[in-house]
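One letter stands for each residue in the lines below.
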Number of protein chains: 2
Amino acid sequence: MPRSLVVMAAALALAGAAPAPTPQQIVDRAPAAAWADVPAEDLVTITLRDGGQVVLQLAPAFAPVHVANIRAFIRAGWFDGGAIVRVQDNYVVQWAAAEGKPLPPGANPTPPAEYEGAAGGAPFRPLGYRDAYAAQTGHVAGWPVASDGRARWLVHCYGMVGVGRDNPPDTGNGAELYAVIGHAPRHLDRNIALVGRVLDGMERMAALPRGGGALGFYEKASERTPIVSTRIAADLPAAARPAWQVLDTNSAAFAQWVGARANRGDGFFVRAAGALDVCNAIPPARRKG
Amino acid sequence: MPRSLVVMAAALALAGAAPAPTPQQIVDRAPAAAWADVPAEDLVTITLRDGGQVVLQLAPAFAPVHVANIRAFIRAGWFDGGAIVRVQDNYVVQWAAAEGKPLPPGANPTPPAEYEGAAGGAPFRPLGYRDAYAAQTGHVAGWPVASDGRARWLVHCYGMVGVGRDNPPDTGNGAELYAVIGHAPRHLDRNIALVGRVLDGMERMAALPRGGGALGFYEKASERTPIVSTRIAADLPAAARPAWQVLDTNSAAFAQWVGARANRGDGFFVRAAGALDVCNAIPPARRKG
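These figures come from a predicted structure and were not determined experimentally.

Draft legend 1. Examining the overall build of chain A more closely. A tally of regular secondary structure across chain A gives 5 helices and 15 strands. In terms of principal-axis extent, the alpha carbons of chain A reach across some 65 × 45 × 40 Å. Counting the 289 residues in chain A, one finds 57% classified as buried. Long-range contacts, defined here as pairs at least 24 residues apart, represent 71% of the contacts in chain A between residues at least 6 apart. In the structure as shown, chain A presents an accessible area of about 11000 Å², 54% of it carried by carbon and sulfur atoms. Across chain A, the centroid of the 27 positively charged side chains sits 5 Å from that of the 24 negatively charged ones.

Right under this line is the structure:
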């Protein structure tokens, strides 16, 4: 297994080969201009009682009404005192406000079904490889998307964040959110509004104990991971404000990264896939500065 | 989110609809003849110091030399006193023997590269849906496979178990194993010998804390989850022997399950995918009796 990556550079140096850069090397060497700042209005911090912090990036270009709602919820302190209430293995982690809390004024209780998002006029960068579910996949403004040639939509990859809902015509309002923690449940695409992704802290969310109840809900309140607070980064004092960047999916560095992900050339691989699933092509993100 | 599944049956009853069976209902109603016993020689128990137990199913038809080796390792007590040494988020959990332990006699230190497996003459059941990586995917004798029309190979789906190795020509020998805990890293297909899957206990393996070192290796021995013992089920006394069954991938019930997974028809979905990734079609397994 890729323990070898550690010794790869040394091995290739000994062999005298000129190695193709690895995906990670391409990311590390990408010029500053290839990184796009995430607006502070799109960054959400989730502070957990256990001391952990999770950072989300919202996707207002794809689900504007839901994202506006989520910002309103957060600014009203909606999730403060809430908890992670559900962890279903190979599926989702889900969090909610304290039970019985009334919806804050200003929140839209019934937003439209934003299951497909135009993302304004942002250009679509085709991934260039076949997909199991959609006619085409690719990226728009830093986001993994699928397309049928007419509409585009965010896809349910590991780490993507969506809006819990009950049965139609209920489309969810953002009062309860989930993040994908397993193999991409792509059958959920266009059935739920996706509103963002986890930029930081997935390794914490995905390692939470699985719930023993139906659908992975915890059966006892004591099993839940309490949420101290959620905040929009723009509302935090400068010193406490996280700053993140995502690799510009229209940059040359991103194109090179995609190519290297599809055709691994380091000493470990005996056969390059020559293919890439869009959910194995989630745009790299980094803390700024 | 699918909290709705809980109320779905009631909602449909109220609406007077005759609902198509859900994937789970198809599994629950499958006749006894649709279930294939897993041979006790192919079942491995991993008993963890924390009290947990994991059950693996080996795939001797695909990687016979590696599986023979793994059985020899287990019977020599190789993993007893070992530990889970690596947990890399959205990638793999890996376990190994105690450091410095000499290979037991009888183990083949350099098995061949069993990256493609014919699985004897077992019939190939095409999944019937497009794949992002291979010309074709489907199932052979209860296993998820891909094919290029000539060869067949096991695929790196969530829960599949493979053999850790360093760089070629080292192909690994089974002394160190890993299980996939994230989105399918299909670029590893045909680069590593896959030898089985986790039948039980994935929710425990996947919830282990991620390692802070390179590639998710734990930096301190104290972070590791110790392995008390691993055993082949056939060697255990009858009372302690796990018994498992996998849904026969050539059965009518399996075909119905695949169709229902690709075309969700319950009250939650507003749009069926009409597609299915092979890694979202891991054959259901159940404890026998």
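Draft legend 2. Seen up close, the side chain of T225(A). Residues and elements named next belong to chain A. Here T225 is to be found in strand β13 (residues 225–232). With a relative accessible area of 9%, T225 lands in the buried category. Other than its neighbours up to four places away in sequence, T225 contacts L48, D50, A83, I84 and L208.

Draft legend 3. Fine view of the interface of chain A and chain B. On the side of chain B, 61 residues touch chain A, which itself brings 60 residues to the contact. Between chain A and chain B, a total of about 5400 Å² is buried, with carbon and sulfur atoms accounting for 55% of that surface. Taken together, chain A and chain B are joined by 2 salt bridges. One salt bridge connects E116(B) with R271(A), and the closest N-O pair in it is separated by 3.3 Å. At the junction of chain A with chain B, the criterion picks out 27 residue pairs in polar contact (both at pLDDT 80 or more). Counting residues per element, the ones that place at least two in the side of chain A that touches chain B are α1 (5–15), β5 (92–96), β11 (176–180) and α4 (202–205) of chain A. Among the residues forming the side of chain A that touches chain B, the class breakdown is 33 nonpolar, 11 polar and 16 charged.

Draft legend 4. A look at the relation of the copies chain A and chain B. Laying chain A over chain B is done by rotating through 180° and shifting 0.0 Å along the axis; what remains is an RMSD of 0.0 Å. Taken together, the rotation and translation relating the two chain copies correspond to the operation of a two-fold axis. Most of the interface of chain A is mirrored in chain B, where 100% of its interface residues again form contacts.

Draft legend 5. Summary view of the pairing of β11(A). Residue and element names in this part refer to chain A. Counting buried positions along β11 yields 5 of 5 residues, so the element is predominantly enclosed. Burial along β11 is two-sided: the face carrying E176, Y178 and V180 and the face carrying L177 and A179 are both buried. Strand direction decides the pairing type here: β5 and β11, joined by 5 bridges, are antiparallel. Following the sheet pairing, Q94 is matched in β11 by Y178. In the sheet, strand β10 (residues 160–163) pairs with β11 via 3 bridges, with the strands oriented antiparallel. Following the sheet pairing, V161 is matched in β11 by A179.

Thresholds, definitions, all that
The written sequence of each chain sets the order in which its residues are numbered from 1. As a convention, the first chain written is A and the first ligand written is 1, with the rest following in written order. For this predicted model, a pLDDT threshold of at least 70 governs which residues receive local features, and a threshold of 80 or more governs which side-chain atom pairs are given and counted, while totals over whole chains, interfaces and linings are taken from all residues. Note: side-chain values were computed over all heavy atoms of the structure, leaving out hydrogens and water. Strands are runs of DSSP state E lasting at least two residues, helices are runs of H or I lasting at least four, and both sets are numbered from the N terminus onward. Only protein chains enter the accessibility calculation, which uses a 1.4 Å probe; a residue is then buried when its area is under 20% of its type maximum, exposed when over 50%, and partly exposed in between. In what follows, residue pairs with any heavy atoms lying within 4.5 Å of each other are defined as contacts. Per-residue and other accessible areas follow the Shrake-Rupley method at a 1.4 Å probe size, with only the shown protein chains counted as cover for residues. The charged-residue count follows a simple rule in which Lys and Arg add positive charge and Asp and Glu add negative charge, with His and chain termini not counted at all. Note that the charge is assigned to NZ on lysines, CZ on arginines, CG on aspartates and CD on glutamates. Buried area, as used here, totals the accessible surface that two parts lose on assembly, with accessibility defined by a 1.4 Å probe and the loss added over both. Here a salt bridge means any side-chain nitrogen of Lys or Arg lying within 4 Å of a carboxyl oxygen belonging to Asp or Glu. Under this definition, polar contacts are N or O atom pairs within 3.5 Å; protein pairs additionally need one hydrogen-donor-capable and one acceptor-capable atom, and for neighbouring residues in sequence, both atoms have to be side-chain atoms. Side-chain classes are defined by residue name, with Ala, Val, Leu, Ile, Met, Phe, Trp, Tyr, Cys and Pro counting as nonpolar, Asp, Glu, Lys and Arg as charged, and the others, Gly among them, as polar. Only residues with pLDDT of at least 70 in both copies contribute their C-alpha atoms to the least-squares superposition of the copies. Strands are labelled as partners when DSSP assigns at least two bridges between them.

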